[in-house]
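# A look at the structure
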Amino acid sequence: MPGIEAAPSNNKSADARPHPPAIPAFIRDRRWWLPLFGLWAYIVGLAYLLQSEEAREQAMRVAVEGSRNMFRVVVFTRAWNASHGGVYVPITEHVQPNEYLDHPLRDVTTTDGMALTMVNPAYMTRLIAEIAAAESGTRFRITSLRPVQPANKPDRWEAQGLHAFERGEKEHIAVTQAGGTQELRYMAPLVVTKACLSCHEKQDYKLGDIRGGISISVPYAPIEAAVLTNRHRAQATHLAVFALVLVLGWILLEMLRRRWFELHGTFKDLENSQHQLIQSEKMAAVGQLAAGVAHEINNPIGFVKSNLGSLRSYTKTLIELIDACRAGKATEADFVAADYEYIKTDLDSLLGESNDGLERVRKIVADLKDFSHVDKAEWQEFDLNAGIESTLNVVWHELKYKADVVREYGSLPPVPCIGSQINQVVMNLLVNAVQAIEEHGTITIRTGHDETKVWIRIEDTGQGMPPEVAKRIFEPFYTTKPVGQGTGLGLSLSYDIVTRHGGSIEVHSVPGQGSTFSIFLPLHAPHVSPAMPG
């Protein structure tokens, strides 16, 4: 379609014209970065605490497993001792007969005179415990709710564990204070086995009963030292990660901020360029119409000027006759000779024609004023039908030689809009319609409304458009005109005006059958500001 300058509203790419993006407050104001880095500090701190807690739990698990292994070794040693019915060792200063062991062969003498005493599992446990305490500070002992030896009476924590074992628990673990220092305490039950019955059956124990337990106390300081070492290492690592990400994050955000400001400036420049192109498009439209408007004005002015010449000649003749009559030099015959009756008749005709011509000029000027609404370039309740008529008068010189204009106006309520901008849209569509008609055709203008919107349809019998062209006609700078004959902004500008009014513009076109442009405007003022550049 020749002269197309712009694409249908159902083509979403048409809205991809440059509008300077608002700079988000997060980018514009650096203080909004602080909550982000505060969140990062919280995450790093939480990770540090979780890792420290995991290190402490890991150290505890290692220490508990060590205590558990020690318990197993003691149990195995006791089982070996019990399976042999006790073992004999020489009586020394540190190993004296066990006064709580009731056995007929507790003390024996070898044939060479060496005195031996029997060491049962309980006595052997005490002896091993003394060695462990001296060598490593680890203490363990046998305890029971019914101890044979009073020294094996449980303390408060151990009694809690023994009662828990009777309820079915398998272990009793805690960190407690002892003499101003912390200890990791571990306790597990001793179950009566067949080998134990030889000594404990008299206490009414049965196979599988809980006879007591072995309590192991490990100094907590080494565990705390290991935890502290891991904590310092984790602290250094997390601080380094926090500082690194903080610095890199700040640098990246600063780069993003600068790029955003550069992009905003570029869009501003682009918007200014578009504004200048739109101004150029407007001036081009004015220039295109100027010759036609001048012709429409020059015609009536031409015959008014001609009539004024005739009137001047008639006036001169009449003044001469009046002067002659006053001087007594003219008679009625002189008036007849001067064709007075014709002059009198022609004067009325000349004045009527001149008045009609001046009225035509006044109407063109008024339509130009209505078209531009130079005195009301703001929101108003606008009569669209009257606006279309004023626009038709402005572009009539473009239309009258190439198209018959059919008006099918509906009764429209006033529409809130900027009238001059809607007139400009109608003008663009009318000029495009004329340019689409090759010889002589018809342009039909229809208006109507429903409860929410009004519409204007401009239909031509021109060449029409193929689909690939119709998809792009509202894109900025797209035109099918020859180079140098159009900027491709006419319909793009129209699209912007209509959408900024909260409306839409659509096109339906069939090659060889013409095109129909439909403008839809809301009956209620939209929540937008449709002010256009210039």
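Look up a bit, the structure's there.
Below is a short write-up of the structure. (Residues numbered from 1 in each chain as written. Predicted model: local features only at pLDDT ≥ 70, side-chain atom pairs only at ≥ 80, totals over all residues. Heavy atoms only, no water.)

In the contact formed by helix α11 (residues 419–436) and helix α13 (residues 490–500), the axes pass within 9 Å of each other and the chain directions differ by 145°. In the packing of α11 onto α13, the handedness of the crossing is left-handed. On the side of α11, the interface is formed by Gln421, Ile422, Gln424, Val425, Asn428, Leu429 and Asn432, while α13 contributes Gly490, Leu491, Leu493, Ser494, Ile497 and Val498. Split by residue class, the contact of α11 with α13 holds seven nonpolar, six polar and no charged. (Axes fitted to C-alpha atoms, helices over the stretch in contact; angles between N-to-C directions. Helix = DSSP H or I, 4+ residues; strand = E, 2+ residues; numbered from the N terminus. Left-handed = near helix turned anticlockwise from the far one by under 90°. Contact = heavy atoms within 4.5 Å. Nonpolar A, V, L, I, M, F, W, Y, C, P; charged D, E, K, R; others polar.)

Let us now look at the nonpolar core. Residues Leu384 and Ile443 are the most contacted members of the largest nonpolar core, which totals 43 residues. Considering every element that reaches this core, the biggest residue donor is α11, with nine residues. Excluding its chain neighbours within four sequence positions, the residues that come into contact with Ile443 are Leu399, Ala403, Asp404, Val405, Val406, Leu430, Ala433, Val434, Ile437, Ile458, Glu459 and Asp460. By size, the runner-up hydrophobic cluster in this structure holds 20 residues, among which are Phe71, Ile142, Ile223 and Val227. (Core = buried A, V, L, I, M, F, W, Y, C linked by side-chain atoms within 4.5 Å. Buried < 20%, exposed > 50% of the residue type's maximum accessible area, 1.4 Å probe, protein only.)

This next bit is on the pattern of salt bridges. Enumeration according to the criterion identifies 18 salt bridges in this entry. Its salt-bridge partner being Asp155, residue Arg185 comes within 3.1 Å of it at the nearest N-O pair. One end of the pair, Arg185, is in strand β6 (residues 181–191); the other, Asp155, is in the loop between β4 (139–143) and α4 (156–166), with 30 residues separating them in the sequence. The buried category is assigned to Arg185, whose relative accessible area is 9%. Within the structure, one salt-bridge network assembled from shared partners comprises Glu65, Arg68, Arg72 and Glu171. (Salt bridge = Lys/Arg side-chain N within 4 Å of Asp/Glu carboxyl O.)

As a further point, take the pairing of β6. Counting buried residues along β6, eight of its eleven residues qualify, which places the element largely inside the surrounding structure. Here strand β5 (residues 172–178) pairs with β6 via seven bridges, running antiparallel. Along β6, the bridge assignment pairs Ile173 with Tyr186. Where β5 hands over to β6, the hairpin turn is made up of two residues, of which Gly179 adopts a positive phi near 65°. Examined bridge by bridge, β6 and strand β7 (residues 210–219) share nine bridges and lie antiparallel to one another. Of the residues in β7, the one forming a bridge with Arg185 is Ser217. (Pairing = 2+ DSSP bridges.)

Moving on to the environment of Trp260. For Trp260, the location among the structural elements is in helix α6 (residues 221–326). Judged by its relative accessible area of 25%, Trp260 falls in the partly exposed class. The spacing of Trp260 and Ile23 is 237 residues in sequence and 7.1 Å in space, taken between C-alpha atoms. Residue contacts for Trp260: discarding those within four places in its chain leaves Ala22, Ile23, Pro24 and Ile27.

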